[in-house]
Amino acid sequence: MPLKQRTIAIMGYRSVGKSSLVIQFVEGQFVNSYDPTIENTFVKTTKVNNQEYDMKLVDTAGQDEYSILPTQYSMAIHGYVFVYSITSPKSFEIIQIIYDKLLDMTGKVHVPIVLVGHKKDLHMDRVVTQEEGRKLADSWKAEFFEASAKQNEVK
């Protein structure tokens, strides 16, 4: 079977660990980097249901409520991973604003989305409950996971 290509944009508030998640997924290592990302693209070939995909992951710069989403985030993108930190209520609030902006920009009613509550290894500092994350994902008809790039864990 020929390789199918998919482009996935990783979106979220600054410092929620978008780059850490992507680097862990692509390179299998945890990078404790604090340099703000402008925008990076990573490529990984992966197999899903016996189909190989060439995945292009667009690690976007952190967005906030005032960010204007570049139009390339709506064109030629097959899906989105929205990331918030379970230790930051602000990042959970911002992710909802980004989602609304994306829907306004694309004009689509349904976009393939995965919502990720990141930094689950910092459970002592948790402020956003798993139930809140799951409820938001359900309202978006999105998949939901909590993850830790540091511990290379997704559940």
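Numbering of residues begins from 1 in every chain and follows the order in which that chain's sequence is written. Side-chain atom pairs in this predicted model are given and counted only at pLDDT of 80 or more, local residue features only at pLDDT of at least 70, and totals for whole chains, interfaces and linings cover all residues. Heavy atoms from the whole structure form the basis of all side-chain values; hydrogens and water molecules are not counted.

**Structural notes on the confidence of the model for the protein chain**
Step number 1: A residue's pLDDT is the predictor's confidence in that residue, given on a scale from 0 to 100. For the protein chain, mean pLDDT is 88; residues scoring 70 or higher make up 92% of the total.
Step number 2: In this text, helices come from DSSP runs of H or I with a minimum length of four residues, and strands from runs of E with a minimum of two, each type numbered from the N-terminal end. Within the protein chain, the element-level pLDDT minimum falls on strand β7 (residues 153–154), averaging 84, and the maximum on helix α3 (residues 130–140), averaging 97.

**Observations concerning unusual backbone geometry**
Step number 1: One non-glycine residue with positive phi stands out, namely asparagine 50, at about 65°.
Step number 2: Residue placement: asparagine 50 occurs in the loop between β2 (39–48) and β3 (51–60).
Step number 3: Located in the positive-phi region is lysine 141, a residue other than glycine, with phi close to 55°.
Step number 4: You can see lysine 141 is positioned in the loop between α3 and β6 (143–148).
Step number 5: For the exposure calls, accessible area comes from a 1.4 Å probe over protein chains only, and a residue counts as buried if that area is under 20% of its type's maximum, exposed if over 50%, partly exposed in between. A relative accessible area of 67% means that lysine 141 is categorised as exposed.

**Concerning the pairing of strand β1 (residues 4–12)**
Step number 1: Only when DSSP finds a minimum of two bridges between them are two strands counted as paired. With seven bridges connecting them, β1 and β3 associate as parallel partners. In the sheet register, glutamine 5 faces β3, and the bridge partner there is aspartate 54.
Step number 2: Relative to strand β4 (residues 79–85), β1 is paired through five bridges, and the arrangement is parallel. Each residue of the ladder has a partner; that of isoleucine 8, found in β4, is glycine 79.

**Looking at the pattern of salt bridges**
Step number 1: Any carboxyl oxygen of Asp or Glu within 4 Å of a side-chain nitrogen of Lys or Arg constitutes a salt bridge here. Per the stated rule, a full pass over the model turns up two salt bridges.
Step number 2: For glutamate 153, the salt bridge goes to lysine 120, with nearest N and O atoms at 3.2 Å. Within this pair, whereas glutamate 153 is found in strand β7, its partner lysine 120 is found in the loop between β5 (113–118) and α3, the two being separated by 33 residues in sequence.
Step number 3: Taking relative accessible area as the criterion, lysine 120 reaches 17% and is therefore assigned buried.
Step number 4: Linking glutamate 146 and arginine 126 is a salt bridge whose minimum nitrogen-to-oxygen distance equals 2.7 Å. Of this pair, glutamate 146 sits in strand β6 while arginine 126 sits in the loop between β5 and α3, and the two are 20 residues apart along the sequence.
Step number 5: Accessibility expressed as a relative area gives 29% for arginine 126, which makes it partly exposed.

**What about the side chain of glutamate 146?**
Step number 1: Overall, glutamate 146 belongs to the buried group, its relative accessible area being 4%.
Step number 2: Polar contact criterion, stated in full: a pair of N or O atoms within 3.5 Å, where within protein one must be able to donate a hydrogen and the other to accept it, and residues adjacent in sequence count only if both atoms are side-chain atoms. Side-chain polar atoms of glutamate 146 contact the side chain of arginine 126, separated by 2.7 Å.

**Structural notes on the environment of aspartate 59**
Step number 1: Inspection of the secondary structure puts aspartate 59 in strand β3.
Step number 2: Linking aspartate 59 and threonine 7, residues 52 residues apart in sequence, is a C-alpha distance of 11 Å.

**Considering the nonpolar core**
Step number 1: What we call a nonpolar core is a set of buried Ala, Val, Leu, Ile, Met, Phe, Trp, Tyr and Cys residues that are connected through their side-chain atoms within 4.5 Å. Residues Tyr80, Phe82, Ile113, Leu115 and Trp140 are the most contacted members of the largest nonpolar core, which totals 40 residues.
Step number 2: Put simply, the parts of the chain that give this core at least two residues each are β1, α1 (18–27), β3, β4, α2 (89–106), β5, α3 and β6.
Step number 3: It is α2 that provides the largest number of residues to this core, a total of seven residues.
Step number 4: By the convention used here, residues are in contact when the closest approach between their heavy atoms is within 4.5 Å. Discounting chain neighbours no more than four positions away, the residues touching isoleucine 113 are Tyr80, Phe82, Tyr99, Trp140, Ala142 and Glu143.

**Observations concerning α3**
Step number 1: Three or more residues of α3 are buried, namely Gly133, Leu136, Ala137 and Trp140. What you see down the axis of α3 is that its buried residues fit within an arc of 100°, all on one side. Projecting away from the buried face of α3 at angles above 90 degrees are the exposed residues Glu131, Lys135 and Asp138.
Step number 2: On the buried face of α3, the contacting elements are β4, α2, β5 and β6.
Step number 3: Just downstream of α3, lysine 141 is the residue with a positive phi angle, here 55°. Think of the arc as the fan of directions from the helix axis to the C-beta atoms.

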